[in-house]
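Coordinates in review
Residues per chain, in single letters:
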Amino acid sequence: MILARRLSTKAQTRVLGTKAPAQMRVLSTKAQIRMLGTKAPAQIRVLGIETSCDDTAAAVVSGDGRILSETNRHQHSVHAAFGGIVPGLAAAHHQANLPLVLRQTLLGAGLSIGDVDAVAVTRGPGMAASLGVGVAAAKALAAVHALPLVGVHHMEAHALLARMGRDDVRFPFVCVLVSGGHTTTLVAHDVNRYATIGATRDDSVGEAFDKVARDLGLAWPDAQDGGGLGPALEQAAARGDAARFPLPVPMDKSASAASPDFSFAGLKTHVRRMRDAGAFDAHAPQDQADMAAAFQRAAVAHLRKKTALACRRARAMGVDFSCIVASGGVASNAAVRRALAAVAEAERVPLECPPPRLCTDNGVMVAWAGVERLRRGLLDPYTFDFIQRWPLDRLSEMPYPARASSFDP
């Protein structure tokens, strides 16, 4: 067991008493970017904080992409009884968990907060109360210790994670962001610069997976990695026969087939109506598995077709993309990965995905996005606030003056 270092109030005073005033760490308001510029990438250490939904997560990542430490406290057991995330409960548990998550992360890296070079935090989008917990903590830590502060867009963090520690995932690339809150295809031209090609018109794919799993009565796995209703549906589908319940692929008619957008609400409702009509028994394990497999097959076919269309749109825009990046919680689904790999093979580019455990929300992606933004001098002031709704392609419209320090307004 790691014993945390504790100094008594007298010991703290004694330690400070051994230092001359000039030795105490006080950075001028103009020194933050200049100080980082003197360090090699391997020496830079960024603390990332993620609290946009129900995961309380933190990590320390180096400038060359090494994960020095990471901690993630899930809340699956808290929300399972409600069949979904309860915002107030999520925020309350963030408040309880975050101090110890931060402490455990720093201890795991063998660092104190004074050894960190910058703090990055998810600024949005997400649940307002949850975002507020992380943003408040990050602002306080960074300001008290005079550290650079980086506000991170949650979906940019997912998009950039495949680049961590690698030189071959180059801009521009086509990105498929699939999660519980988002289903989007876009071109990533550079850090802070994205162009949306297609987006969901209603439910996200992750939301549809969750709702169908709930309608099928699937149990919510309570696990530190891989829990949630979406993984429950994937596990059930692996035992099922998709051919038993033929389901329509969304937007497969001529009127909507040419659109790069997504739609999952109709497919989700189709399953619910079949259940209500008695077409299958939601309490019978084999019926659950067969319908889960049928739903997953139709949803994945929809993702595959619209991703292929997004690639054609990107080429028509004159974008010579280097690869397809898939990220977000649903990108951990093996069937989704296989389908997108087939699209990438047809386009003669590689498919790049983070490891499955890093597809879901985590502190590593936030810390790495902080590294990428710091490299471009994209610093935020200590006065910024969270943004609950924030389209990724609007990120470049945010004002980013030549700020040398987070002390600057």
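Scroll up to find the structure.
Residues numbered from 1 in each chain as written. Predicted model: local features only at pLDDT ≥ 70, side-chain atom pairs only at ≥ 80, totals over all residues. Heavy atoms only, no water.

A tally of regular secondary structure across the protein gives 13 helices and 10 strands. Burial analysis of the protein (409 residues in total) assigns 53% to the buried set. Residue pairs in contact within the protein that sit at least 24 positions apart in sequence constitute 74% of those at least 6 positions apart. Counting only carbon and sulfur atoms, one obtains 54% of the accessible surface of the protein, whose full area is about 17,700 Å². (Helix = DSSP H or I, 4+ residues; strand = E, 2+ residues; numbered from the N terminus. Buried < 20%, exposed > 50% of the residue type's maximum accessible area, 1.4 Å probe, protein only. Contact = heavy atoms within 4.5 Å. Areas by Shrake-Rupley, 256 points an atom, 1.4 Å probe, with all protein chains shown as cover.)

Our focus in this paragraph is the packing of helix H10 (residues 265-276) against helix H11 (residues 285-316). Think of two packed helices as two axes; the pair is described by the angle between the axes and how far apart they sit. The geometry of H10 relative to H11 is characterised by a closest axis approach of 11 Å and an angle of 160° between their N-to-C directions. By the angle between their axes, H10 is roughly antiparallel relative to H11. Regarding H10 and H11, the two cross each other, and that crossing is right-handed. Of H11, the residues touching H10 (which contributes Leu267, Val271 and Met274) are Met291, Phe295, Ala298 and Ala299. Partitioned by chemical class, the residues of the contact of H10 with H11 number seven nonpolar, no polar and no charged. (Axes fitted to C-alpha atoms, helices over the stretch in contact; angles between N-to-C directions. Parallel < 35°, antiparallel > 145°, perpendicular 65-115°, else oblique. Left-handed = near helix turned anticlockwise from the far one by under 90°. Nonpolar A, V, L, I, M, F, W, Y, C, P; charged D, E, K, R; others polar.)

This part is about the nonpolar core. Among the nonpolar cores identified, the biggest contains 55 residues, and Leu233, Leu247, Phe280, Met291, Phe295, Phe321 and Ile324 are the most heavily contacted of them. Those elements that provide at least two residues to this core are strand E6 (173-178), helix H7 (205-215), helix H8 (229-237), H10, H11, strand E9 (324-327) and helix H12 (334-347). Here the element with the most residues in this core is H11; it accounts for 13 residues. For isoleucine 324, the residues in contact, after removing those within four places along its chain, are Val174, Val176, Cys311, Val343, Ala344, Val349, Pro350, Leu351 and Glu352. Core analysis: the second largest hydrophobic core is formed by 42 residues, Val150, Met155, Ala159 and Ala162 among them. (Core = buried A, V, L, I, M, F, W, Y, C linked by side-chain atoms within 4.5 Å.)

Moving on, we get to helix H5 (residues 128-144). End to end, H5 covers 24 Å across 17 residues, agreeing with the expected 24 Å (1.5 Å per residue, within 8%). Along its buried surface, H5 packs onto strand E1 (45-50), helix H4 (87-109), strand E4 (118-124) and strand E5 (149-153). Looking one or two residues past H5, alanine 146 carries a phi angle of roughly 55°, positive in sign. (Expected span 1.5 Å × (residues − 1).)

Moving on, we get to the sheet that holds strand E3 (residues 67-73). Ordered in space as E3-E2-E1-E4-E5, the five strands form an open sheet in which the pairing is mixed. If you trace the sheet from one side to the other, it starts and ends with E3 and E5, each paired once. Across the sheet, the mean angle separating the axes of adjacent strands is 20° when strand polarity is ignored. Across four bridges, E1 lies against E4 in parallel orientation. Bridge assignment links leucine 47 to a residue of E4, and that residue is valine 119. Along the sheet, H4 contacts E1, strand E2 (56-62) and E3; its crossing angle with E3, the most-contacted strand, is approximately 160°. (Pairing = 2+ DSSP bridges.)

Once that is clear, we can look at the packing of aromatic side chains. For the structure on display, the rule yields five aromatic pairs. Both rings, one in phenylalanine 262 and one in phenylalanine 264, keep their centres 6.3 Å apart while their planes meet at 10°; by these two values the pair is stacked. Summarising the burial analysis for this pair, phenylalanine 262 and phenylalanine 264 share the class buried. Both rings, one in tyrosine 382 and one in phenylalanine 407, keep their centres 5.1 Å apart while their planes meet at 90°; by these two values the pair is edge-to-face. In this pair, tyrosine 382 sits in the segment after helix H13 (363-375) while phenylalanine 407 sits in the segment after H13, placing the two residues 25 residues apart along the sequence. (Phe/Tyr/Trp six-rings, centres within 6.5 Å; stacked < 30°, edge-to-face > 60°.)

This part covers unusual backbone geometry. In this chain, glycine 124 is followed by proline 125 through a cis amide linkage whose omega measures -10°. Residue position: proline 125 is located in the loop between E4 and H5. Following phenylalanine 171, the chain continues to proline 172 via a peptide bond in cis, the omega torsion being -10°. Its identity is not glycine, yet alanine 146 carries a phi of approximately 55°, on the positive side. Within the secondary structure, alanine 146 sits in the loop between H5 and E5. Of note, methionine 251 is a non-glycine position whose phi angle comes to about 55°, a positive value.

Further remarks concern the pairing of strand E7 (residues 183-190). Counting buried positions along E7 yields six of eight residues, so the element is predominantly enclosed. Where E6 and E7 come together, six bridges link them in antiparallel fashion. Bridge pairing links cysteine 175 to leucine 186 in E7. Between the antiparallel neighbours E6 and E7 lie four residues. Bridge count for E7 against strand E8 (residues 193-199) is six bridges, and the pairing is antiparallel. Bridge pairing in E8 links alanine 188 to tyrosine 194.

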